[in-house]
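Breakdown of the fold
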Amino acid sequence: MVKNLFDYVSDGGRNLLFGLPSTEELVGRSAFLPDGTEVRFGDELAVKCDDDLFLIDMAGKILLAEELPDGSLKVLDTEKTTAGASALPEALEGWESELSFASGYILTAVFEDGTLTLSPSPEPVVSSPFASDDEPAPPEAPEAPAAPPVTLSLQAVETGEKRFLLRFPETGETVFLDARRFLLYGILRGRIVAGFVELPPKE
Amino acid sequence: MQPNQSTGMLSVFRPPLCFELTGRQFTLVFDDGYDRTLVFKDRKKISFGTAGEEKEYDCDCLKIADRCYFVNFEDPTLRPRLGITLVLDLVQDLVTMALAHLYVNPKFPGMPSIDYVFGGIMREDGTVPAARHGYTTDLVGKSISWNYGRFDIAHVYATEHYYRVAFTARGLARAYRGRPELRQSQNMRYTAPEDVYEDYFSPIKIRDRIYLVGLLETVKAQKTGHGNSVLVLMNLDGMHDVGRSFGSNSEGGNGNNTLGAFGVWHDASDVLAKKSSLFIR
């Protein structure tokens, strides 16, 4: 049974994950973690989550770096930052939405009681191009049985206005959610993945 | 939660701006016979132009793949309008420039047009590659539905010169959510068998799986008086694109907004089977 985010959102690697290129903006720069540890950035995998925000894979440790107005970097170890989070931030608790990290594969997502429950969305993603509100398109026949729902333990902290670090402690996977723009960024299994969150398409 | 309402319709999913070229300078050797210098002066300012004619611009730079950049800028004081977009491919040392025009057509001032100029980027040793980015038929017969956050549209790459549009049921549902007036919009339909929106298309291959695609709204401009030149740089490995929409809107406003979207391959066989309603071929 799938119990990690990467396998679930990629449907066991069968789906084409949305991707973004690694940024080179941090190369040659250094900063200090809150515990005083100095980090120097080289060719690590790093994804920009905002114009001034980076998620970095530093030898398996996922860091979040924010560039401050004075040009310095404020760097957080995402594991330590989320470690004490026993409850979801108020904005996330009870939130039901949809998310997608892979082309054509949309998942229903429920944030509740320190967990994230995912299941394939019953809504067809690709349908007849003639579809309209008057003539709803029939759902396409699924090629394989839909994956059963999965519930993942989740630690989440709000790192800025409507910005959340989501960490799955059982697997160490980390995702950044920018709820202002409904975008998701992560570095999973050594690759950059991007995605989006949306409300269910119902009026 | 609701998305940030301050972002444009097509800009919700635009990735963050790329600043990694800051401080770098390039000599771009174009096939129109003019060499131009491009300097990334800081995160938002560039200098661009032929020797002695360089101008400073505010720019948006977006990165779609390893060492592949979409650089968009315009002198906002210039009339007729000229939107300049550069695709810098530092893997192959190649550049493609798109020059979008508005208010040059005497009958339809709000109709955009676009020209492409290909070129090479001068290497440190002074050489320039002989190869160029080029027009392609790779996308013909295919379609991708692009999700811009609050708006979905399927671009149907009908032929090497014409695209068509389609909408998925999911995309229509998303568009109608909170904007029920769109149900009455002809732009959101084209559902009848005899009804197809078709317009000019320029597909350019940058490298494997990366394409620059230009879509013009000239037919719309003839009907409504305004239209856009949409230019997107797509990476099919990540089914993601970045780009910009340059044109005018129904309120007379001028737009030149960078954008981004997530894509899904779309079955457009029905749309492809429709007879062209406008273009003889």
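Residues numbered from 1 in each chain as written. Chains lettered and ligands numbered in written order. Predicted model: local features only at pLDDT ≥ 70, side-chain atom pairs only at ≥ 80, totals over all residues.

**Focus on the overall build of chain A**
When its secondary structure is counted, chain A shows two helices and 15 strands. Burial statistics for chain A: of 203 residues in total, 37% are counted as buried. Taking as baseline every contact in chain A between residues at least 6 positions apart, the subset at least 24 positions apart corresponds to 50%. (Helix = DSSP H or I, 4+ residues; strand = E, 2+ residues; numbered from the N terminus. Buried ≥ 20, exposed ≤ 12 C-beta atoms within 10 Å, placed from the backbone. Contact = placed C-beta atoms within 7 Å.)

**Structural notes on the overall build of chain B**
Per the secondary structure count, chain B includes three helices and 17 strands. Taking 19 Å as the expected radius of gyration for a compact globule of 281 residues, we find that chain B reaches 19 Å, a close match to that expectation. Counting only C-alpha atoms and orienting by the principal axes, one finds that chain B spans roughly 55 × 45 × 35 Å. By the burial criterion, 47% of the 281 residues in chain B qualify as buried. Of the contacts made within chain B by residues no fewer than 6 positions apart, 49% connect residues no fewer than 24 positions apart. (Rg over C-alpha atoms; globule rule 2.2 N^0.38 Å.)

**Description of the sheet that holds strand β12 (residues 163-168) of chain A**
All names here are of chain A. On the basis of which strands lie adjacent, the open sheet formed by nine strands has the order β10-β9-β8-β7-β15-β14-β13-β12-β11 and antiparallel pairing. The open sheet is flanked by β10 (150-153) and β11 (155-160), the only strands paired with a single partner. Looking at each pair of strands side by side, their axes are set apart by 25° on average, direction ignored. Bridge count between strand β8 (residues 105-112) and strand β9 (residues 115-120): six bridges; the pairing is antiparallel. Bridge pairing links F111 to L116 in β9. (Pairing = 2+ DSSP bridges. Axes fitted to C-alpha atoms, helices over the stretch in contact; angles between N-to-C directions.)

**Focus: the domain arrangement of chain B**
Residue and element names in this part refer to chain B. Structurally, chain B comprises domain 1 (25-132) and domain 2 (135-273). Summarising the inter-unit geometry, the C-alpha centres of domain 1 and domain 2 are found 23 Å apart. Looking at the side of domain 1 that touches domain 2, the elements with two or more residues in it are β4 (55-65), β5 (68-74), β6 (81-89), β7 (94-102) and β8 (113-121). The dominant element in the side of domain 1 that touches domain 2, judged by the number of residues it contributes, is β6, at five residues. Residue classes in the side of domain 1 that touches domain 2 are distributed as 15 nonpolar, six polar and four charged. (Domains from an automatic or database assignment. Nonpolar A, V, L, I, M, F, W, Y, C, P; charged D, E, K, R; others polar.)

**Describing the environment of P80(B)**
All names here are of chain B. Here P80 shows up in the loop between β5 and β6. Note: C-alpha distance between P80 and H101 (21 residues apart in sequence) is 7.1 Å. Not counting residues within four places of it along the chain, the set of residues in contact with P80 comprises H101, L102, Y103 and V104.

**So, the confidence of the model for chain B**
Residue and element names in this part refer to chain B. Summary statistics for chain B give a mean pLDDT of 91 and a share of 91% for residues scoring 70 or more. Across residues 1-7, where pLDDT falls below 50, the model places 13 contacts with residues more than four positions away in sequence or in other chains. Across the predicted assembly, pTM comes out at 0.92 and ipTM at 0.89. (pLDDT = per-residue confidence, 0-100.)

**Focus on the sheet that holds strand β4 (residues 53-58) of chain A**
Paired through their backbone hydrogen bonds, the strands of a sheet run either parallel or antiparallel. Residue and element names in this part refer to chain A. Judged by pairing direction, the sheet is antiparallel, and its four strands sit side by side in the order β3-β4-β5-β6 without closing on themselves. At either margin of the open sheet sits one strand with a lone partner, and together these are β3 (45-50) and β6 (73-77). With strand direction ignored, the average angle separating the axes of adjacent strands in the sheet is 25°. Here five bridges tie strand β5 (residues 61-67) to β6, and the two strands are oriented antiparallel to one another.

**What to know about the nonpolar core**
Residues V47(A), F54(A), L55(A), L184(A), Y185(A), Y69(B) and V156(B) are the most contacted members of the largest nonpolar core, which totals 123 residues. Per-element accounting of this core gives the leading share, six residues, to strand β14 (residues 210-216) of chain B. Summarising the domain contributions, this core has at least three residues from each of domain 1 (25-132) and domain 2 (135-273) of chain B. Excluding residues within four positions of it along the chain, V156(B) makes contact with S143(B), Y163(B), R164(B), V165(B), A166(B), A268(B), V271(B) and L272(B). (Core = buried A, V, L, I, M, F, W, Y, C linked by C-beta atoms within 7 Å.)

**Regarding unusual backbone geometry**
Residue and element names in this part refer to chain B. Note that the residue after R79, namely P80, is joined by a cis bond; omega there is -5°. Positive phi values are uncommon outside glycine, yet D93 reaches one of about 55°. Considering the arrangement of structural elements, one finds D93 in the loop between β6 and β7. Given 19 C-beta atoms within a 10 Å radius, D93 is considered partly exposed. A positive phi angle, close to 75°, is found at R209, a residue other than glycine. Here R209 shows up in the loop between β13 (198-207) and β14.

**Comments concerning helix α1 (residues 169-176) of chain B**
With six of eight residues buried, α1(B) is to be regarded as a mostly interior element. Close packing links the buried residues of α1(B) with β10 (142-147) and β11 (152-157) of chain B.

**Let's talk about the pairing of β6(B)**
Residue and element names in this part refer to chain B. Of all nine residues in β6, eight are buried; the element is thus mostly enclosed. The pairing of β5 with β6 spans seven bridges and is classified as antiparallel. When the bridges of β6 are listed, V71 appears paired with L86. Remark: six residues form the turn of the hairpin made by β5 and β6, two consecutive strands paired antiparallel. Pairing geometry for β6 and β7, over nine bridges, is antiparallel. Bridging from a neighbouring strand, I84 pairs with L99 of β7.

**Side note on the confidence of the model for chain A**
For chain A, mean pLDDT is 87; residues scoring 70 or higher make up 86% of the total. Note that pLDDT drops below 50 for residues 125-141 of chain A; the model gives that stretch 41 contacts with residues more than four away or on any other chain.

**Points about the environment of F151(B)**
Residue and element names in this part refer to chain B. Secondary-structure assignment places F151 in the loop between β10 and β11. In the structure, F151 is positioned ten residues away from G141 in sequence and 23 Å away in space, judged by C-alpha atoms. Other than its neighbours up to four places away in sequence, F151 contacts M9, L10 and A175.

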